[in-house]
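# An overview of the molecular structure
Residue strings, one per chain:
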There are 4 protein chains.
Amino acid sequence: MENYVYAPEIAKLGHVALVSEDIEKSLWFFKEILGLEETAVEDGIHYLRCWGDFEHHSLSIRSGKTSYIDHIGWRAKRVEDLEQFALLLEEKGTKVKWIESGEEKGQGRAIRFQLPTGHKFEIYYEMDKPKGDENNKPFLKNQSHKAWAKGISTRRIDHVNIATNAEVETVSNFIIDNLGFKLREYLVDSEDQQLGAWMSVTNLVHDIAVMKDPNAPTTHQMHHLGFWLDNAQDILRAADILSEHQVEFVGPGKHGISQAIYLYVIDPGSGLRIELFSNSYLIFEPDWEPVKWTLEDKKALTYWGENSSQANRTTIRG
Amino acid sequence: MENYVYAPEIAKLGHVALVSEDIEKSLWFFKEILGLEETAVEDGIHYLRCWGDFEHHSLSIRSGKTSYIDHIGWRAKRVEDLEQFALLLEEKGTKVKWIESGEEKGQGRAIRFQLPTGHKFEIYYEMDKPKGDENNKPFLKNQSHKAWAKGISTRRIDHVNIATNAEVETVSNFIIDNLGFKLREYLVDSEDQQLGAWMSVTNLVHDIAVMKDPNAPTTHQMHHLGFWLDNAQDILRAADILSEHQVEFVGPGKHGISQAIYLYVIDPGSGLRIELFSNSYLIFEPDWEPVKWTLEDKKALTYWGENSSQANRTTIRG
Amino acid sequence: MENYVYAPEIAKLGHVALVSEDIEKSLWFFKEILGLEETAVEDGIHYLRCWGDFEHHSLSIRSGKTSYIDHIGWRAKRVEDLEQFALLLEEKGTKVKWIESGEEKGQGRAIRFQLPTGHKFEIYYEMDKPKGDENNKPFLKNQSHKAWAKGISTRRIDHVNIATNAEVETVSNFIIDNLGFKLREYLVDSEDQQLGAWMSVTNLVHDIAVMKDPNAPTTHQMHHLGFWLDNAQDILRAADILSEHQVEFVGPGKHGISQAIYLYVIDPGSGLRIELFSNSYLIFEPDWEPVKWTLEDKKALTYWGENSSQANRTTIRG
Amino acid sequence: MENYVYAPEIAKLGHVALVSEDIEKSLWFFKEILGLEETAVEDGIHYLRCWGDFEHHSLSIRSGKTSYIDHIGWRAKRVEDLEQFALLLEEKGTKVKWIESGEEKGQGRAIRFQLPTGHKFEIYYEMDKPKGDENNKPFLKNQSHKAWAKGISTRRIDHVNIATNAEVETVSNFIIDNLGFKLREYLVDSEDQQLGAWMSVTNLVHDIAVMKDPNAPTTHQMHHLGFWLDNAQDILRAADILSEHQVEFVGPGKHGISQAIYLYVIDPGSGLRIELFSNSYLIFEPDWEPVKWTLEDKKALTYWGENSSQANRTTIRG
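Residues numbered from 1 in each chain as written. Chains lettered and ligands numbered in written order. Predicted model: local features only at pLDDT ≥ 70, side-chain atom pairs only at ≥ 80, totals over all residues. Heavy atoms only, no water.

## With respect to the overall build of chain A
Where we set the bar: Put simply, DSSP marks the helices as runs of H or I at least four residues long and the strands as runs of E at least two long, and each gets a number from the N terminus on. Here the radius of gyration uses the C-alpha set of atoms, whereas the globule reference equals 2.2 Å times the residue count to the power 0.38. The classification of residues rests on relative accessible area computed with a 1.4 Å probe and restricted to protein chains. Under 20% of the type maximum is buried, over 50% is exposed, and intermediate values are partly exposed. All accessibility values rest on the Shrake-Rupley procedure with a 1.4 Å probe; residue burial counts only the protein chains present in the view. Neither His nor the chain ends is counted toward charge; the positive residues are Lys and Arg and the negative residues Asp and Glu. Note on charges: their place is set at NZ of Lys, CZ of Arg, CG of Asp or CD of Glu.
Scanning chain A from terminus to terminus reveals four helices and 18 strands. What you see for chain A is a C-alpha radius of gyration of 19 Å, in line with the 20 Å of a compact globule of 318 residues. Seen through its principal axes, chain A has C-alpha atoms that stretch 50 × 50 × 40 Å. Every one of the 318 residues in chain A was classed for burial, and the buried ones make up 67%. Only carbon and sulfur atoms are counted for the fraction: they give 46% of the accessible area of chain A, which is about 11,000 Å². If the 35 positive side-chain charges of chain A are averaged to one point and the 49 negative ones to another, these points end up 3 Å apart.

Quick look at the structure:
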């Protein structure tokens with residue numbers, strides 16, 4: 001570890017790069033129903049973000065024969081963290097690939113690598129932060145687009161939840177040890193093996209979670225991508241909108257773990273599960289003791305409401 | 001029918017008289033958890049109402065060996081309607097019993113009778129409308145008690161839902177023909193027999209509903225008693241409060257029929273099911289065409305959320 | 001009074017016919033910002049309604065040199081009530097004019113007349129109840145259009161509030177005596193003269209209110225037209241949407257009288273004030289004692305929030 | 001600066017130590033109306049926290065002849081940061097006083113010092129994190145007390161806002177330079193002098209704000225102490241509860257800066273202003289460009305709702 005002089009840090013979840021087998025349906029779902037704004041289309045890739053996201057994109061979608069997640073993008077705290085993360089990861093035996101500036105629209109240089117399970121991560125620092133154009137310019141200086149312009153109008157990207165048929169600890173430890181995440185809450189089976197781990201680098205309860213799915217077809221699946229809404233009531237309005245457009249969903253309900261109000265809905269284009277997410281809580285304590293839940297805590301996953309385990313099969317490859 | 005000269009009318013649902021096999025638990029549930037106010041206790045009967053109810057009581061509870069509904073009380077539009085209803089009912093062969101003023105605390109003379117199924121109704125007109133005492137006097141002149149004083153703080157009694165193993169039409173037609181209710185929405189089976197009928201004399205979608213339950217032990221069961229909350233968000237807060245006190249419930253969800261946001265919870269004392277109810281809609285059209293739903297309308301009962309049919313068994317005798 | 005044998009009855013507020021001096025702006029405001037649906041355009045008249053209104057229109061707009069309310073339309077309980085109202089009004093010296101079927105699109109025969117102040121009323125019974133077309137057909141059978149399709153998405157027309165520089169009692173007594181409304185709440189000055197009267201024929205606290213405005217230019221002004229939203233939170237979302245589009249408003253706040261959560265916004269086309277309105281309460285008691293408020297009840301008009309008196313000047317002629 | 005080897009860091013706002021000239025009223029207000037829990041009373045000091053706070057106290061109250069803030073407590077990220085902060089501050093000429101473990105109940109060693117304006121800060125690391133006792137133990141493992149147990153039921157301490165008649169930059173620069181806060185948003189006058197500065201060490205828009213008040217009696221005043229509620233609707237419920245108990249307040253409204261839904265209410269015991277605060281947004285970008293507002297941004301302080309400047313006089317000494 002002598003090649004690097006300080007611990008590089010992740011600042012935040014940046015974006016998810018989705019490949020969809022039915023891009024028209026996916027664009028309808030994300031733009032018309034969820035209400036994301038399109039900041040650019042280039043080389044067949046649609047760059048989207050929520051009205052309260054500041055970066056160029058928090059979701060990109062391109063067409064593919066099958067649906068999968070091309071990568072999950074994380075923003076580093078400093079530009080020099082990229083080199084440091086590359087050094088650290090390679091020392092640990094993780095192969096790192098550099099992506100040149102502009103290869104992903106709006107973004108500077110970046111590194112890409114795989115978790116032990118095969119989930120693909122990207123770390124970048126430089127990213128454009130365009131303002132909304134004339135048509136959807138917000139009134140307030142501290143948001144990027146008009147609020148409530150269309151559909152559900154999710155505010156911002158919140159978190160990712162990845163699934164695996166392998167050991168959860170393999171992934172959660174990798175994320176904690178190499179990327180500086182902290183374990184916030186976790187669920188164990190009767191043999192004290194992790195069934196789920198919720199981790200963050202921010203004050204959120206989780207920027208990423210890892211869930212066990214013994215029936216998953218691979219070690220690297222997606223469970224869902226979460227978007228934030230400011231009020232629990234906004235989740236109920238989302239339920240109405242989804243129902244009006246005959247998009248099926250699970251929820252509303254409240255998780256015990258994370259205390260979030262949720263709704264799970266599948267993008268009808270790609271099959272990717274989306275969680276609409278509100279309330280929850282923030283962690284400010286520097287010595288946070290990870291909250292341990294066991295199978296005896298019957299309400300760990302679903303505190304109340306429609307059982308979230310109905311949404312518990314994994315979706316597309318991650 | 002020559003003995004009466006005009007159609008007597010029901011103004012509103014007044015109250016439900018509950019007999020509870022565990023009155024201590026029932027009082028804890030209704031007073032501490034739902035937050036009803038106690039206006040009087042006399043002869044072992046506890047008289048309760050919500051902070052937005054104006055009459056002396058919207059629920060009375062007394063102790064009994066088994067739990068059941070002693071009667072459902074309806075307020076007539078005029079004092080002389082009592083005589084008229086009595087005449088009309090007796091002409092149709094329904095036995096009517098008079099209750100003297102004060103027999104039920106706060107209430108004037110009243111008639112009691114049974115539906116063809118055995119459900120027991122009361123019609124009264126005179127009723128005290130006490131103001132809250134010093135401790136829980138509201139600030140506003142147009143409510144009877146302080147809002148949000150305790151627990152969930154339901155605003156007012158909303159409706160009753162009765163169940164039967166007999167034909168629903170027997171009951172719904174009786175209520176429509178003899179008591180002046182209008183059919184607002186109804187659900188039929190594949191042979192066009194009513195599985196449920198929602199009826200009202202007010203602008204509410206229903207003051208009373210009748211549900212078929214083939215497995216019910218008698219022809220005269222209760223499905224639930226509904227209390228109103230002003231906002232869907234208040235239903236979510238209720239879910240938190242019930243969970244904190246480990247009272248089990250079904251919901252939240254939204255009915256297709258009535259468009260109400262709901263939560264179903266069992267009074268742990270008596271076993272009576274309570275519906276916490278919000279949103280829904282009002283009917284002002286004088287020529288309202290009853291909305292017909294069939295079994296092909298999969299979302300008639302549960303538009304979204306935790307399936308209300310999980311709460312569909314009948315509870316105590318009504 | 002011998003010519004009529006029973007009291008004709010009003011069932012509900014039906015619609016408001018608005019003449020706008022800037023119809024393009026008015027259409028933008030009502031269709032894009034409030035989110036009303038257009039059911040028809042004929043002879044330059046735009047017929048609009050909310051997604052939860054059942055009749056052909058709850059607002060019509062046509063172009064004019066100055067803005068004013070052409071008439072306020074009330075639906076009778078029975079078709080024969082029209083003749084009865086005509087008889088009754090003419091006996092009392094009120095001139096009645098008949099409107100033929102189809103003269104107002106979607107509507108049958110109707111009578112029009114003026115209040116003593118000059119406010120123009122219409123009473124009709126027959127009215128088309130079209131379903132939303134393919135593009136905005138709702139999922140549920142008990143509403144007419146998709147919910148949340150555009151903008152604020154008000155649910156239904158709720159009430160009108162008219163203003164006068166003449167005596168309020170002149171109007172409120174006319175409405176009570178001739179049209180069968182009940183006084184629900186009222187505000188008096190130090191000499192016990194009405195400053196405002198809230199009246200209804202439905203279970204709402206008011207279908208119509210009359211407000212004193214000594215500075216009003218005529219005896220027949222509009223104060224506002226009210227639209228309903230299901231949740232207080234929807235009013236806050238409306239505040240965001242209006243702010244994004246730089247439409248000025250007053251509120252949110254809560255009235256003491258009526259207990260409603262409100263927002264007042266001026267249609268930038270016509271100058272008509274609109275109240276976005278939620279919560280409030282329902283009156284079911286047949287012997288409701290009108291709630292009297294005096295100038296000593298400082299919170300009668302504004303219980304909390306931005307002072308509704310900032311919206312208290314009258315708007316256009318009514 | 002050679003004596004310290006790394007930059008010590010603040011993790012979070014911990015608590016405010018209030019001296020109240022009418023402690024009975026203050027305890028009524030904070031315990032019964034806001035609904036804080038009392039974790040301990042010792043030497044006449046009442047230690048309170050919200051149901052979602054994890055530390056021993058987020059507010060302490062003791063009796064005094066006049067009301068003032070004894071100190072504002074900040075939690076450091078590591079125990080060794082205390083020594084480092086002490087070194088750094090003393091090098092810069094700020095006098096530091098050590099407080100022994102237990103001097104403040106539940107708390108380890110701490111340092112206290114004054115800002116250039118005289119506002120008194122404390123930095124500590126060790127703090128007890130008791131669980132709620134039998135009576136108010138939460139169901140969920142990730143909160144400390146039952147939610148919604150009493151009154152408004154604020155979730156957690158959120159931020160402090162201090163005021164001064166001196167230059168705002170003097171304070172904001174001190175906080176940024178010595179304590180590691182980042183400037184998130186700021187408001188300037190026509191000569192580009194700060195009128196307000198919003199700063200944080202967390203993902204919140206602000207853990208502390210400094211406001212100019214030319215009419216303030218001293219350089220070290222409090223503007224308010226903020227408590228968090230999860231939903232905007234909870235703020236409206238708070239308005240009802242305050243009104244029922246005749247506690248005056250300003251709001252609800254929404255700030256442009258911070259995008260928070262607010263209500264301002266004065267503790268009737270001490271005169272300290274409390275902000276009930278919801279929604280707002282989080283900042284995850286490591287290169288956040290502080291948002292600059294000028295006096296031409298008329299809606300910077302009040303985006304909509306009751307004008308927050310009505311609450312803009314400073315309250316007690318800070």
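## Let's talk about the pairing of strand 10 (residues 182-188) of chain C
Residue and element names in this part refer to chain C. As a reminder, the rule being used: Here, any two strands with at least 2 DSSP bridges between them count as paired.
Burial analysis of strand 10 places six of its seven residues in the buried class, which makes it a mostly covered element. Hairpin connection, strand 10 to strand 11 (residues 194-200): the antiparallel pair is bridged by five residues, and D192 has positive phi, about 70°. Bridging between strand 10 and strand 17 (residues 291-294) involves four bridges; their strand directions are parallel. By the bridge assignment, Y186 is partnered in strand 17 with K292.

## Considering the domain arrangement of chain A
All names here are of chain A. Inclusion rule: Domain extents, as shown, originate in an automatic or database domain assignment. For this analysis, residues touch if any pair of their heavy atoms sits within 4.5 Å. Put simply, buried area is the surface a 1.4 Å probe can reach on two separate parts but cannot reach once they are joined, added for both. By definition here, a salt bridge exists when the distance from a side-chain nitrogen of Lys or Arg to a carboxyl oxygen of Asp or Glu is within 4 Å. Counting of polar contacts relies on pairs of N or O atoms within 3.5 Å, with two restrictions inside protein: one atom must be capable of donating a hydrogen and the other of accepting it, and residues adjacent in sequence are counted only when both atoms are side-chain atoms.
Under the domain assignment, chain A is made up of domain 1 (10-136) and domain 2 (156-311). Each of domain 1 and domain 2 has a C-alpha centre, and the two are 20 Å apart. Across the boundary between the two partners, domain 1 contributes 44 residues, which contact 41 residues of domain 2. Overall, the association of domain 1 and domain 2 removes approximately 3,000 Å² of surface from exposure, summing both partners, and the carbon and sulfur fraction of that is 79%. One can count zero salt bridges joining domain 1 with domain 2. Taken together, the connections running from domain 1 to domain 2 amount to eight residue pairs in polar contact (both at pLDDT 80 or more).

## Quick word on the interface of chain A and chain B
Of the residues lining the interface, 17 residues belong to chain A; the matching set on chain B comes to 17 residues. For the pair chain A and chain B, the two sides together bury roughly 1,500 Å², of which 54% comes from carbon and sulfur. Among the residues of chain A in contact with chain B, L236(A), Y303(A) and W304(A) are the three that bury the most area, contributing 34% of the side total. Run the count over chain A and chain B and you get four salt bridges.

## A closer look at the sheet that holds strand 7 (residues 110-114) of chain C
Residues and elements named next belong to chain C. Quick note on the threshold: All axes are obtained by fitting lines to C-alpha atoms, using only the stretch in contact for helices, and the reported angles, taken between N-to-C directions, cover 0 to 180 degrees.
Strand order in the open sheet formed by eight strands is 2-3-4-1-5-8-7-6, and the pairing between neighbours is mixed. Looking at the sheet topology across the chains shown, the edges are occupied by strand 2 (37-42) and strand 6 (97-99). Here the strands of the sheet are splayed against their neighbours by 25° on average, with no regard to which way each runs. In terms of strand pairing, strand 7 meets strand 8 (residues 120-124) through five bridges, oriented antiparallel. Bridge pairing in strand 8 places R112 opposite E122. Most of the contacts of helix 1 (residues 23-33) go to strand 4 (residues 59-63), to which it runs at about 160°, and overall it touches strand 1 (10-20), strand 2, strand 3 (45-49) and strand 4.

## Description of the relation of the copies chain A and chain D
A rotation about some axis, followed by a shift along it, carries one copy of the chain onto the other. Where we set the bar: In this comparison the copies share one frame, found by least squares on the C-alpha atoms of residues holding pLDDT of at least 70 in both.
Between the two copies, chain A and chain D, the superposition gives an RMSD of 0.0 Å; the rotation angle is 180° and the shift along the axis is 0.0 Å. On the angle and the small slide along the axis, the relation comes out as a two-fold axis. Residues of chain A ranked by C-alpha distance from the rotation axis are headed by N231(A), positioned 2.6 Å from it.

## Some details on the side chain of E55(B)
All names here are of chain B. Here E55 lies in the loop between strand 3 (45-49) and strand 4 (59-63). Taking the relative accessible area as the measure of exposure, E55 reaches 1% and is therefore buried. Reaching out from E55, the side chain makes a polar contact with the side chain of K12 at a distance of 2.6 Å. Reaching out from E55, the side chain makes a polar contact with the side chain of Y124 at a distance of 2.9 Å.

## Concerning the relation of the copies chain A and chain B
Expressed as a screw operation, the relation of chain A to chain B combines 0.0 Å of axial shift with a rotation of 180°, fitting to an RMSD of 0.0 Å. The share of interface residues of chain A whose copies in chain B are also at the interface is 100%, consistent with both copies meeting through the same surface.

## A word on the sheet that holds strand 3 (residues 45-49) of chain D
Residues and elements named next belong to chain D. An order of 2-3-4-1-5-8-7-6 is seen for the eight strands of this open sheet, with the pairing classed as mixed. Two strands lie at the open edges of the sheet, namely strand 2 (37-42) and strand 6 (97-99), each paired on one side alone. Across the sheet, the axes of successive neighbouring strands diverge by a mean angle of 25°, strand direction being ignored. Both strand 2 and strand 3 contribute to a ladder of five bridges, which runs antiparallel. Directly across from V41, in strand 3, lies its bridge partner H46. Together, strand 1 (10-20), strand 5 (68-76), strand 6, strand 7 (110-114) and strand 8 (120-124) form the strand contacts of helix 2 (residues 81-91), whose direction differs from that of strand 7 by roughly 25°.

## Describing the interface of chain A and chain D
At the interface, 44 residues of chain A touch 44 residues of chain D. Contact between chain A and chain D buries roughly 3,700 Å² in total, counting both sides, with carbon and sulfur atoms accounting for 55%. When the area that chain A buries against chain D is broken down by residue, the three leading residues are K141(A), N142(A) and F284(A), summing to 17%. On the surface where chain A and chain D come into contact, there are 10 salt bridges. A salt bridge links R75(A) to E285(D); its shortest N-O distance comes to 2.7 Å.

## So, the packing of aromatic side chains
Definition in use: Aromatic pairs are defined between Phe, Tyr and Trp rings, using the six-membered ring for Trp, whenever the two ring centres lie within 6.5 Å; interplanar angles under 30 degrees are classed as stacked, those over 60 as edge-to-face, and all others as tilted. Cation placement over rings: the criterion is NZ of Lys or CZ of Arg within 6 Å of the ring centroid and within 35° of the ring normal.
For the coordinates displayed, the defined rule picks out 40 aromatic pairs over all chains. Plain terms: the ring middles of Y281(D) and W288(D) are 6.1 Å apart, the flat faces sit at 45° to each other, and that makes the pair tilted. Members of the aromatic cluster, joined through ring pairs, are W74(A), F113(A), F121(A) and F181(A). A cation over an aromatic ring shows up here: R75(A) above the ring of Y125(A), its NZ or CZ 4.7 Å from the ring centre.

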